[in-house]
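Given next are the chains, with one letter for each unit.
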Amino acid sequence: MALEGLVLAHNHLSDQPLMPCSMPTLGVDDAVIYLLSKAYYSQFDMQGSTDVLEAERHFKKILEEFRDEDCSNFSCLSYYGLSRVHLRWNRYKEARSFIEKSLKLVESNLVPGLQTWPGTDTAIEETRDGVLKDLLNALLKECLCPPKPDAVCHYRFCSTHNSKQDIYRSDPDFKGFVRVHCSYDCRIEYHLYCWKRCKIKEFQDKIEKDILGLDCLTPDCMGCIWKVDIFQDSRQKTAQSTELHQNIKEVFKVLQDSLAVLDHEVKQQQSKITKLQDSAQKKDLCSFGTNSVFDS
């Protein structure tokens, strides 16, 4: 989008604000462009979750209040805007859904034609011929190969408290996450809030240093927790027991060595059994051959 034209449009709308009650007096196209301008500016200015939610609200308003045929050609821009909003949230699956809806409209030629920002003669770049389709295809590629999240929450009831399990440091509402390490190399991650709930449920709300040495949270894992990392904003706090981890590693090495010796002994016994079975089979064949000769 042409940022200079968008900023000029925002300033124009700020100088001459339109109240919702006055919107019915506008032409349909003007009313939609007015909302698009508000939505796009909120999207351009998205620094925190409030700005993202504001942009989402405007785009949804266009889809909900302007459904008739006179303004349906603007829906492709609203879906495109919503896809950008979800990408800002790092919700790639949801963004892809809106991208595909917008692409379907564009490919059916349900587009608004060239439009300008309110109060300016600057064209809205997305309304130029072919521009929106190229933008959508570029975003679709991004959604098909999304970046790896910084963490993935494993709390069983995560979905009741958060919109997604994937955690990115670039999320507008990013508050941090916790990573729990066990002696068997499990790494389990949680949203901060989910970790608080998990501690109450699993550890009677103990502080991190008192959790060290307790059983790993991974089902069927025989390890124990030796380290807890807390990532919050740009800070990292760690509770760990290096001595515990070293002791566990030494015990684990002894177990591995013992298992290796046991495995070697088992293989030797299996080899002996196989040889005895082969020898017995040969004797049976020889006995069978001798009996056949005498019988004949």
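Residues numbered from 1 in each chain as written. Predicted model: local features only at pLDDT ≥ 70, side-chain atom pairs only at ≥ 80, totals over all residues. Heavy atoms only, no water.

> Quick rundown of the nonpolar core? Include the residues and the values.
Formed by 33 residues in total, the largest nonpolar core has its most connected members in L36, I99, L132 and L136. Of all the elements in the fold, those that place two or more residues in this core are α2 (28-44), α3 (49-65), α4 (75-88), α5 (92-107) and α6 (131-144). Other than its neighbours up to four places away in sequence, L136 contacts Y80, I99, S102, L103 and V106. Counting 26 residues, the second-largest nonpolar core is a separate cluster that includes Y155, F174, I188 and F203. (Core = buried A, V, L, I, M, F, W, Y, C linked by side-chain atoms within 4.5 Å. Buried < 20%, exposed > 50% of the residue type's maximum accessible area, 1.4 Å probe, protein only. Helix = DSSP H or I, 4+ residues; strand = E, 2+ residues; numbered from the N terminus. Contact = heavy atoms within 4.5 Å.)

> So what about the packing of aromatic side chains? Which residues, and what values?
Enumeration over the complete set of coordinates arrives at seven aromatic pairs. Aromatic side chains Y190 and W195 sit 5.3 Å apart centroid to centroid with 40 degrees between the ring planes, which places their arrangement in the tilted category. An aromatic cluster is present here, built from F174, F177 and F231 joined pairwise through their rings. (Phe/Tyr/Trp six-rings, centres within 6.5 Å; stacked < 30°, edge-to-face > 60°.)

> For α5, give the residues involved together with the corresponding values.
A turn of α-helix holds 3.6 residues, and therefore any two residues three or four places apart point the same way. Across its 16 residues, α5 extends 22 Å between first and last C-alpha, which sits within 8% of the 22 Å expected from 1.5 Å per residue. Positive phi shows up at N109, right after α5, with a value of about 65 degrees. (Expected span 1.5 Å × (residues − 1).)

> Which residues make up the pairing of strand β5 (residues 225-232), and what are the values?
With respect to burial, β5 is a largely interior element, seven of its eight residues being buried. Examined bridge by bridge, strand β3 (residues 177-182) and β5 share six bridges and lie antiparallel to one another. Each residue of the ladder has a partner; that of H181, found in β5, is K227. Counted between consecutive antiparallel strands, the loop separating β5 from strand β6 (residues 235-240) contains two residues, among which D233 sits at a positive phi close to 55 degrees. (Pairing = 2+ DSSP bridges.)

> Which residues make up the environment of S183, and what values do they have?
Within the fold, S183 resides in the loop between β3 and β4 (187-191). Given the relative accessible area of 13%, S183 is considered buried. Separated by 44 residues in sequence, S183 and K227 place their C-alpha atoms 8.9 Å apart.

> Give a description of the pattern of salt bridges that names residues and reports values.
Throughout the structure, instances matching the rule amount to ten salt bridges. Of the charged contacts in the structure, one is a salt bridge between R96 and E100, with a shortest N-O distance of 3.0 Å. Pair noted here: R96 and E100 are both in helix α5, with a separation of four residues, about one helical turn. With its nearest N and O atoms 3.1 Å apart, the salt bridge here joins R128 to E125. For R128, a relative accessible area of 38% corresponds to the partly exposed category. (Salt bridge = Lys/Arg side-chain N within 4 Å of Asp/Glu carboxyl O.)

> Pulling in residues and values, what's your account of the side chain of D229?
Its location among the elements puts D229 in strand β5. Looking at D229, the relative accessible area reads 4%, which means it is buried. Engagement of the side chain of D229 in a polar contact is seen with the side chain of Q236, the distance being 3.4 Å. Filtering out sequence-adjacent residues up to four positions away, D229 remains in contact with F177, V178, R179, H181, Q236, K237 and T238. (Polar contact = N/O pair within 3.5 Å; in protein donor to acceptor, adjacent residues only side chain to side chain.)

> Let's hear about the environment of V152: which residues, and what values?
Summarising the element assignment, V152 is placed in strand β1 (residues 151-152). As a C-alpha pair, V152 and F177 span 25 residues in sequence and 9.1 Å in three-dimensional space. Those residues in contact with V152, other than ones at most four positions away along the chain, are Q165, D166 and E189.

> Can you break down the packing of α4 against α5 residue by residue, with the values?
One can describe the packing of α4 onto α5 by two numbers: an axis separation of 8 Å at closest approach and a directional angle of 160 degrees. On the basis of their axis angle, the class for α4 and α5 is roughly antiparallel. Once α4 is placed against α5, the crossing between them reads as left-handed. Residues S75, C76, Y79, Y80, L82, S83, H86 and L87 of α4 pack against Y92, E94, A95, F98, I99, K101, S102, L105 and V106 of α5. Each residue belonging to the contact of α4 with α5 can be placed in one class, and the counts come to eleven nonpolar, four polar and two charged. (Axes fitted to C-alpha atoms, helices over the stretch in contact; angles between N-to-C directions. Parallel < 35°, antiparallel > 145°, perpendicular 65-115°, else oblique. Left-handed = near helix turned anticlockwise from the far one by under 90°. Nonpolar A, V, L, I, M, F, W, Y, C, P; charged D, E, K, R; others polar.)

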